[in-house]
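Structural characterization, general
The residues making up each chain are set out below.
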Amino acid sequence: MHRVRVVVHASDPISRAGAVSQLGRHPVIDLRDEPETGPGTVAVLIEDTPDEKTVARLRRVVRGEGAHAVLVVRAVREAELLDVIECGVGAVVWRHEAGPHRLLQAVLAASRGEGDLPADLLGRLLGQVGRLQRSAAGRTGAPVTGLTAREADVLRLVADGLDTSEIGAKLAYSERTVKNVMHGLTTRLYLRNRAHAVAYALREGYI
């Protein structure tokens, strides 16, 4: 059985102890000490709200150390939402929902490089995507260098909330082709997941 290496970070020792206790019940979880964060590890960060220090830490853990990240928070302000996603965080859990099952679900999704966002947070993210798209539509000469037409088409549909099969049907591609396009894009631009790719593309004016 493949075990997932997990490191829990929390400024509050009681919160950290609670998460360690919950995750430690599952045989698939291999809990490690904090200094052992590295490639393939899932770092669980527990905070009230993500401030600049939290965002910097997420960026270091994901980009610098090659780990996956799960952010457990009470709230995320609009101004911080894209910052968190751009760091490469694909899994966010509300603290009031962070029971053993929910926390395990997020950790396993993060370990596979998948996204796991609460429905209300995903709605807010898509709302921001829509506003940025409308803003970008009013600008001329938006940069497209670095993205092929096919990559731009796929990313636009990802931003619209379509899954792999829906994107394939819309563009007459196989699901494998869609996955290959996303893999090539995220690998070339050092992006962690689809949400990160959409946030990056919007911020840079690609879509």
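Positions within a chain are numbered from 1, following the residues in the order the chain's sequence is written. Side-chain atom pairs in this predicted model are given and counted only at pLDDT of 80 or more, local residue features only at pLDDT of at least 70, and totals for whole chains, interfaces and linings cover all residues. The basis for the side-chain values is all heavy atoms of the structure; hydrogens and waters are excluded.

Examining the overall build of the chain
A helix here means a DSSP run of H or I that spans at least four residues, while a strand means a run of E at least two residues long, and both kinds are numbered starting from the N terminus. What the chain contains, in helices and strands, is nine helices and five strands. Ordering the α and β elements of the chain from the N terminus gives β-α-β-β-α-β-α-β-α-α-α-α-α-α. Contacts are assigned to residue pairs that have any heavy atoms within 4.5 Å of one another. Across the chain, every contact between residues at least 6 apart in sequence was considered, and the portion connecting residues at least 24 apart equals 71%. As displayed, the chain offers around 10,400 Å² of accessible surface, 52% of which is attributable to carbon and sulfur atoms. Surface accessibility in these figures is a Shrake-Rupley result with a 1.4 Å probe; residues are shielded only by whichever protein chains are displayed.

Examining the pattern of salt bridges
Salt bridges, as used here, are contacts in which a Lys or Arg side-chain nitrogen is within 4 Å of a carboxyl oxygen on Asp or Glu. Scanning the entire structure with this criterion turns up seven salt bridges. Taking the shortest distance from any N to any O, the salt bridge between Arg102 and Asp116 comes out at 3.0 Å. Highlighted residues: Arg102 in helix 4 (residues 100-111) and Asp116 in the loop between helix 4 and helix 5 (119-137), separated in sequence by 14 residues. Here Arg102 and Asp116 have matching classes, each one buried. Only protein chains enter the accessibility calculation, which uses a 1.4 Å probe. A residue is then buried if its area is under 20% of the maximum for its type, exposed if over 50%, and partly exposed in between.

Digging into the pairing of strand 1 (residues 4-10)
Among the seven residues in strand 1, six count as buried, and that is most of the element. Each pair of strands is called paired provided DSSP finds at least two bridges between the two strands. Pairing between strand 1 and strand 2 (residues 29-31): three bridges, direction parallel. When the sheet's bridge partners are listed, Arg5 is paired in strand 2 with Asp30. Looking down the strands as they point away from you, a crossover is right-handed if its path from the first strand over the helix to the second goes clockwise. One crossover worth recording links strand 1 to the parallel strand 2 by way of helix 1 (residues 13-23), and it is right-handed.

As for the packing of helix 6 (residues 149-159) against helix 8 (residues 175-188)
Geometry is summarised by axes, namely lines fitted to C-alpha atoms with helices restricted to the contacting stretch, and by angles between N-to-C directions that run from 0 to 180 degrees. Their axes nearest at 10 Å, the elements helix 6 and helix 8 cross at an angle of 100°. As summarised for this structure, helix 6 and helix 8 are arranged roughly perpendicular, according to the angle between their axes. Between helix 6, through Arg150, Glu151, Val154, Leu155 and Val158, and helix 8, the contact on the second element is made entirely by Thr177, Val178, Val181, Met182, Leu185 and Arg188. Under the scheme applied here, ten amino acids are nonpolar (Ala, Val, Leu, Ile, Met, Phe, Trp, Tyr, Cys and Pro), four are charged (Asp, Glu, Lys and Arg), and all others, including Gly, are polar. Per-class residue counts for the contact of helix 6 with helix 8 are seven nonpolar, one polar and three charged. Any angle that is under 35 degrees is reported as roughly parallel, and any over 145 degrees as roughly antiparallel; angles of 65 to 115 degrees are reported as roughly perpendicular and all others as oblique.

A look at the sheet that holds strand 3 (residues 42-46)
Read across the open sheet, the five strands follow the order 2-1-3-4-5; overall the sheet is parallel. Of all strands in the sheet, those with a lone pairing partner are strand 2 and strand 5 (91-94), marking the two edges. Here the average twist between neighbouring strands, direction ignored, is 25°. Bridge count for strand 1 against strand 3 is five bridges, and the pairing is parallel.

Re helix 7 (residues 164-171)
For helix 7, every residue scored as buried is listed here: Thr164, Ile167 and Gly168. Burial along helix 7 is one-sided: seen end-on, the buried residues are contained in an arc of 100°. Of the exposed residues in helix 7, the ones pointing more than 90 degrees away from its buried face are Ala169 and Lys170. Tucked into the core, helix 7 has its buried residues touching helix 6, helix 8 and helix 9 (194-204). The positive-phi residue at the C-terminal boundary of helix 7 is Ala172, with phi of around 60°. Think of the arc as the fan of directions from the helix axis to the C-beta atoms.

Let's talk about the confidence of the model for the chain
Per-residue confidence from the predictor is reported as pLDDT, which spans 0 to 100. With 87% of its residues at a pLDDT of 70 or more, the chain shows a mean pLDDT of 82. Note that pLDDT drops below 50 for residues 139-145; the model gives that stretch seven contacts with residues more than four away or on any other chain.

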